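# Fold and contact review
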Amino acid sequence: MSTLPLPFPRLMLGLVLAFGLAGCPGESGPERGERVVAAGEGAVAGKTWLQPTDDTAPELWLASREAGADVAATDPATTAWRGVLDGADERFGETSRMIANRAVQLETMLSEIGIRESAREIIADFSTLAAKGSRAGFSDLCQHYYNLRVQGMDRPAALAALRAEPASKAGDATP
């Protein structure tokens, strides 16, 4: 018999459903009510999510968010983010846009429970959990990591738990 209070399983089910429903929609036309955003329209730094119809480069969005203001595509911060995303692309099956979206989503969810971790830290930490060429699931890692943090694990313990899971050992080589 479980010793956890009834609200905890409901919370976990809600989180699983939320991640599933928030998955990347297909690259088809815009969803009802969704606007197609042209490059240069509006503030890049203020975007909360990159829609499939948004042609903003993920590295430009992340660099602009981090700077708190729009930066140029030629800015060194944008180039640095491109390197971070390229490194993640070697390990995970999702696109750079989805990795950026998920990292920012997890950063936001963690901040809502009083945990401050940046998208850059999240991507860097998760990249150590998957070997190059493994095509691991970045979104899955986000979900599991969040669940571990909600359960009270600190960052090192949660990362160690993820490292020990069989899914992260697929193709396990020194990253």
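Residues numbered from 1 in each chain as written. Predicted model: local features only at pLDDT ≥ 70, side-chain atom pairs only at ≥ 80, totals over all residues. Heavy atoms only, no water.

### Description of the side chain of glutamate 107
- Its place among the elements puts glutamate 107 in helix H4 (residues 96-112).
- Residue class for glutamate 107 comes out buried when judged on its relative accessible area of 18%.
- There is a polar contact of 2.6 Å between the side chain of glutamate 107 and the backbone nitrogen of alanine 119.
- Residue contacts for glutamate 107: discarding those within four places in its chain leaves Arg65, Glu117, Ser118, Ala119 and Ile122. (Helix = DSSP H or I, 4+ residues; strand = E, 2+ residues; numbered from the N terminus. Buried < 20%, exposed > 50% of the residue type's maximum accessible area, 1.4 Å probe, protein only. Polar contact = N/O pair within 3.5 Å; in protein donor to acceptor, adjacent residues only side chain to side chain. Contact = heavy atoms within 4.5 Å.)

### With respect to the confidence of the model for the chain
- Here the chain shows a mean pLDDT of 81. Residues at 70 or above account for 70%.
- Least confident of the elements in the chain is helix H1 (residues 7-21), whose mean pLDDT is 48; most confident is H4, at 97.
- Scored below 50 in pLDDT, residues 168-175 makes 13 contacts in the model with residues more than four places away or belonging to other chains. (pLDDT = per-residue confidence, 0-100.)

### Some remarks on the nonpolar core
- Ranked by size, the top nonpolar core spans 35 residues in total, and within it Phe92, Leu106, Ile123, Phe126, Phe138 and Tyr145 carry the most contacts.
- Sorting the residues of this core by element identifies helix H2 (58-67), helix H3 (76-89), H4, helix H5 (119-127), helix H6 (138-150) and helix H7 (155-164) as the ones contributing at least two each.
- Broken down by element, this core gets its largest block of residues, 7 residues, from H4.
- The residues touching leucine 106, leaving out its near neighbours within four places in the chain, are Ile122, Phe126, Cys142, Tyr145 and Tyr146. (Core = buried A, V, L, I, M, F, W, Y, C linked by side-chain atoms within 4.5 Å.)

### Observations concerning the side chain of glutamate 117
- Looking at the element boundaries, glutamate 117 is found in the loop between H4 and H5.
- When its relative accessible area of 6% is taken as the criterion, glutamate 117 is described as buried.
- Within the structure, the side chain of glutamate 117 is placed 2.7 Å from the side chain of tyrosine 145, a separation counted as a polar contact.
- Separated by 2.3 Å, the side chains of glutamate 117 and arginine 149 make a polar contact.
- If sequence neighbours within four positions are ignored, glutamate 117 has contacts with Glu107, Leu110, Ile122, Tyr145, Arg149 and Arg155.

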